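Descriptive analysis of the structure
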Amino acid sequence: MVFSFWESDNVGWETSVRNGVRGLVVFLGLAMVGMGCGCNRADSEGSRGTESESGQPVIGVSLLNLSSEFIVMIDRSMREAAEELGVRLVINDAQRSAARQIQQAESFVAQGVDAIILNPCEVEASSPAVDRGLAAGIPVVNVNSETRSRPTAFVGSRDEESGRLAMEYIAERLGGEGGVVMIQGYMGQAAQIKREAGAREVLDQQPGLRLLADQTAEWDRAQAMSLMENWLQSHGDEIEAVFAQNDEMAMGALLAIERSGWKGQIVVVGVDAIADGLQAVQAGRLDATVFQDAAGQGRTAVETAVRILRGEPVEEEVFIPFRLVTQENVAQFLP
Amino acid sequence: MPCRSEADASGGRPLRDLLMPSIQRGSILIALLAICLILSLMTPNFLTVANLINVARQISLNGILAVGVTFVLLTGGVDLSLGSLVALTGVVAATFAHPGDYPVVVPIAMGILAGTACGFVNGTVVTWGKVAPFIATLGMMTIARGLALLVSGGRPVSNMSPELTRLGGELAGLPIPVLILLVVTLAAGFFLANTRMGRHVYAVGGNERAARSAGISVPRVKLFVYTLCGALAGLAGVVLAARITTGQPNAGLGYELDAIAAVVIGGTSLSGGVGGVGGTLLGALLIGVINNGLDLLNVSSYYQQIVKGMIIVGAVWLDQKTKA
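Residues numbered from 1 in each chain as written. Chains lettered and ligands numbered in written order. Predicted model: local features only at pLDDT ≥ 70, side-chain atom pairs only at ≥ 80, totals over all residues. Heavy atoms only, no water.

Within chain A, the regular secondary structure consists of 10 helices and 12 strands. Put simply, chain A has 335 residues, and 52% of those count as buried. For chain A, the proportion of contacts with a sequence separation of at least 24, taken over those separated by at least 6, is 74%. Put simply, chain A shows about 15000 Å² of open surface, and 50% of that area lies on carbon and sulfur atoms. (Helix = DSSP H or I, 4+ residues; strand = E, 2+ residues; numbered from the N terminus. Buried < 20%, exposed > 50% of the residue type's maximum accessible area, 1.4 Å probe, protein only. Contact = heavy atoms within 4.5 Å. Areas by Shrake-Rupley, 256 points an atom, 1.4 Å probe, with all protein chains shown as cover.)

Once that is clear, we can look at the overall build of chain B. Helix and strand counts for chain B come out as 14 helices and two strands. Burial analysis of chain B (324 residues in total) assigns 57% to the buried set. Taking contacts inside chain B between residues at least 6 apart in sequence as the whole, the part at least 24 apart equals 79%. For chain B, the accessible surface area stands at approximately 12700 Å², while carbon and sulfur atoms represent 70% of it.

A few words now on the interface of chain B and chain A. Interface size is commonly expressed as the accessible surface area that is lost when the partners come together. At the interface, 56 residues of chain B touch 42 residues of chain A. Summing both partners gives a buried area of about 4100 Å² for chain B against chain A, and 50% of it is carried by carbon and sulfur. The interface formed by chain B and chain A holds two salt bridges in total. The salt bridge partner of R57(B) is E229(A), with a shortest N-O separation of 3.4 Å. Taken together, the connections running from chain B to chain A amount to 19 residue pairs in polar contact (both at pLDDT 80 or more). Those elements giving two or more residues to the side of chain B that touches chain A turn out to be α3 (49–74), α5 (105–127), α6 (133–152), α10 (208–213), α11 (218–244), α13 (277–296) and α14 (301–323) of chain B. (Buried area = accessible area lost by both parts, 1.4 Å probe. Salt bridge = Lys/Arg side-chain N within 4 Å of Asp/Glu carboxyl O. Polar contact = N/O pair within 3.5 Å; in protein donor to acceptor, adjacent residues only side chain to side chain.)

Here we come to the environment of D214(A). Relative to the assigned elements, D214(A) resides in strand β7 (residues 209–216). On the basis of relative accessible area, D214(A) is assigned to the partly exposed category, the value being 25%. With 28 residues separating them along the chain, D214(A) and V242(A) place their C-alpha atoms 9.8 Å apart. Apart from the residues lying within four places of it in its own chain, the contact partners of D214(A) are M182(A), Q184(A), R200(A), W231(A) and N298(B).

A word on α6(B). Residues and elements named next belong to chain B. With 20 residues, α6 ought to run about 28 Å at 1.5 Å a step, and its terminal C-alpha atoms sit 28 Å apart, in line with that. Buried positions along α6 lie against α4 (82–95), α5 and α11. Count one or two residues on from α6 and you reach G153, which has phi positive near 70°. (Expected span 1.5 Å × (residues − 1).)

Residue and element names in this part refer to chain A. Mapped onto the fold, D272 is located in the loop between β9 (267–269) and α9 (275–282). Taking relative accessible area as the criterion, D272 reaches 15% and is therefore assigned buried. Within the local environment of D272, its side chain forms a polar contact with the side chain of R195, the two groups lying 3.3 Å apart. In this structure D272 touches R195, N246, D247, T289, V290 and Q292, once residues within four positions along its chain are discounted.

All names here are of chain B. Buried residues dominate helix α12 (residues 255–265), accounting for eight of its 11 residues. Along α12, the residues classified as buried are Y255, E256, A259, I260, A261, A262, V263 and I265. G267 lies just past α12 and shows a positive phi near 95°.

Residue and element names in this part refer to chain B. For chain B, the mean per-residue pLDDT works out to 88, and 91% of the residues sit at or above 70. Mean pLDDT across the elements of chain B bottoms out in helix α1 (residues 15–19) (53) and peaks in α5 (97). Ignoring residues within four places in sequence, the model shows residues 1–12, a span with pLDDT below 50, making 16 contacts including any to other chains. (pLDDT = per-residue confidence, 0-100.)

We now examine the sheet that holds β7(A). Residues and elements named next belong to chain A. An order of β7-β6-β8-β9 is seen for the four strands of this open sheet, with the pairing classed as parallel. The outermost strands of the open sheet, each flanked by one partner alone, are β7 and β9. Shown here is a sheet whose adjacent strand axes are inclined to one another by a mean of 20°, direction ignored. As paired strands, strand β6 (residues 178–184) and strand β8 (residues 239–244) are joined by five bridges and run parallel to one another. When the sheet's bridge partners are listed, M182 is paired in β8 with F243. (Pairing = 2+ DSSP bridges. Axes fitted to C-alpha atoms, helices over the stretch in contact; angles between N-to-C directions.)

Residue and element names in this part refer to chain B. Side chains of L37, I38, L41 and M42 sit close together on the surface and give an oily, nonpolar patch of about 460 Å² of accessible area. Structurally, M42 is set in helix α2 (residues 22–42). You can call M42 exposed: its relative accessible area is 52%. (Patch = residues over 30% accessible without salt bridge, like charges linked within 9 Å, V, L, I, M, F, W, Y side chains within 5 Å.)

Residue and element names in this part refer to chain B. Two numbers describe how helix α8 (residues 176–194) lies on α11: the axes approach to 11 Å, and their chain directions differ by 170°. As far as their axial angle goes, α11 and α8 are roughly antiparallel. Judged by residue contacts, P177, I180, V184 and F191 of α8 engage F224, L232, L235 and V239 from α11. Looking at the contact of α8 with α11 residue by residue, the class counts come to eight nonpolar, no polar and no charged. (Parallel < 35°, antiparallel > 145°, perpendicular 65-115°, else oblique. Nonpolar A, V, L, I, M, F, W, Y, C, P; charged D, E, K, R; others polar.)

Our focus in this paragraph is the packing of aromatic side chains. All names here are of chain B. In total, this model carries five aromatic pairs over all chains according to the counting rule given. Ring centres 5.4 Å apart and planes at 25° place the aromatic pair F191 and F224 in the stacked group. Here the residue F191 occupies a position in helix α8, and F224 occupies one in helix α11, the gap between them amounting to 33 residues. For F191, a relative accessible area of 24% gives the class partly exposed. F224 sits in the partly exposed class, given a relative accessible area of 25%. Counting every residue linked through ring pairs, the aromatic cluster contains F71, F191 and F224. (Phe/Tyr/Trp six-rings, centres within 6.5 Å; stacked < 30°, edge-to-face > 60°.)

Bringing the nonpolar core into the picture now. Formed by 127 residues in total, the largest nonpolar core has its most connected members in I183(A), M228(A) and V242(A). Sort the elements by how many residues they give to this core and α11(B) lands first, with 15 residues. Look past the residues within four positions of I183(A) in its chain and what remains in contact with it is Q215(A), A217(A), A224(A), L227(A), W231(A), V242(A), F243(A), A244(A), Q245(A), M249(A) and A253(A). Ranked by size, the runner-up nonpolar core spans 29 residues in total, among them I71(A), M78(A), V87(A) and V141(A). (Core = buried A, V, L, I, M, F, W, Y, C linked by side-chain atoms within 4.5 Å.)

Residues and elements named next belong to chain A. Positionally, R195 belongs in helix α6 (residues 190–205). Judged by relative accessible area, which is 4%, R195 ranks as buried. Side-chain polar atoms of R195 contact the backbone oxygen of Q245, separated by 2.6 Å. Every residue in contact with R195, bar those within four places of it in the chain, is listed here: D159, S162, G163, W219, F243, Q245, N246, V271, D272 and Q292.

Residue and element names in this part refer to chain A. Residues at a pLDDT of 70 or more form 84% of chain A, whose mean pLDDT is 84. Across residues 1–17, confidence stays below pLDDT 50; counting only partners more than four residues off in sequence or on other chains, it has 25 contacts. Predicted confidence is poor over residues 34–53, with pLDDT under 50, and the contacts of this stretch with residues over four places away or in other chains come to seven contacts.

Put into structure tokens, the structure is as follows:
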């Protein structure tokens, strides 16, 4: 009985066959329901691409993770740009797996696509995906994040810049003096490392700013809320500003601050300019966020790939700038 | 495994015993008090009314989930779908919670209903389909996460009515999630001690064959525990959505493991038949105090994970040693 959750019963051979059949029926039933949903979705999405006229250039796209709002925005802008430029996109979701991303690049090569746009999962592990494409003579454009292998072109933003912009804003608001806490993203990810580096650069230049504490909340709103609640207990009076490395966590910190009555005394700044964050800035709840131009990155990636295909010269690295969003300029970022 | 006294279908036991079986009433409580003592010596900010309320609020979600999964573990099963169910039900609740759309009971009911339905499917696959609970709920973990992403379109569902977000606020100085946890724990403790179904839950986990011979409908009991667990996950999902004022399709990652950890620390056996919700509450409290304390002490992220893991294993090891 120790591992009873592995086996539901101690049963004879016949019963286990019968159970097996039952299990199979349940499994197949579920699988069919699942496939039904999946197919419908694929149909409606695929219709735009697969049935267009032949002769259009085809670009294979492997995206980091379509369950992230930011990547969904990149995806959307790519589709729009492709439609305008008359190219066909084959979009795959790597679901955060570098191994899957490499397989996708390999099947792009097998399909004989004209170009590959890669939204890398990892710096090292996704590099073979770039190599496969280049080895087959297919130009590769990396979008949003980097790989160790050098692609034909890179389109993205310098994440350090976002941390720097946020912390500079905090320094300005506090007049260069006061206690700051930093909520980190998932430790070890490129965005976390670079946003922290950018923020620390400013902290080093501003001796009056004291970093009271820094801790990860893994990009998660609920975790950031708990963390902020705890910090309000231990550093309440000293905290004058919070820098959260994304807006989800900034919103969590903000909710904790609002619910415990500290609002108005603590400056809260996030990064990413997600819809919720922008609304909070407009309402004067969140002090600032940093806009990373997902649409600009997606569009520019497709444009760059098309220019390469047309034999036009391209920059090897195209940086889409971050922009600080406060209540004064928030209107231009709202949809 | 010998037939345990808990399996006896005759006569209820005192509520106190079921809330906290005498065996672990001691050691977990001692571990908890020891950690609290250490923390209060190390930081003046730990032992304050505000911080203790803070800790209570932070464990409320994990507590609600853990009470639900206590039932499942008592029958010798497991539920790995909790985290995904929290995300799905939160998204469902948020979808019905736009201001002016429906009265506030609708999003709450829809969230709990979605959780109940998923729990019912878990129970059906485990009983009728005879699929091992580990696999059945692992499947639901992925399916529910997919559904959450589908319903929300991959982005957080915001713009939630203040009536619903108030559920994450306070009532008479006490956080509402804490009150919900208390009600849920007391109701679950009472149910396990004083109802026929409650005793059957222990009987099934203690010795399934004996329970069947005694005329207990094992599938009915199992279907019940998974459905209840799903319903409580739905409640937790609604509370989380109210607390963070959005339905997040990516929320709840790993919550099932925190919940199971709380139950096991609280003395409920992974193989079923032994334990109770009182111990679970202590387990959740222990995890919550550790999380809070490490944040107050400003321990670095890397060390936090190591320390948490060691304390969880240590607490269970201590518990087993005192039993032996």
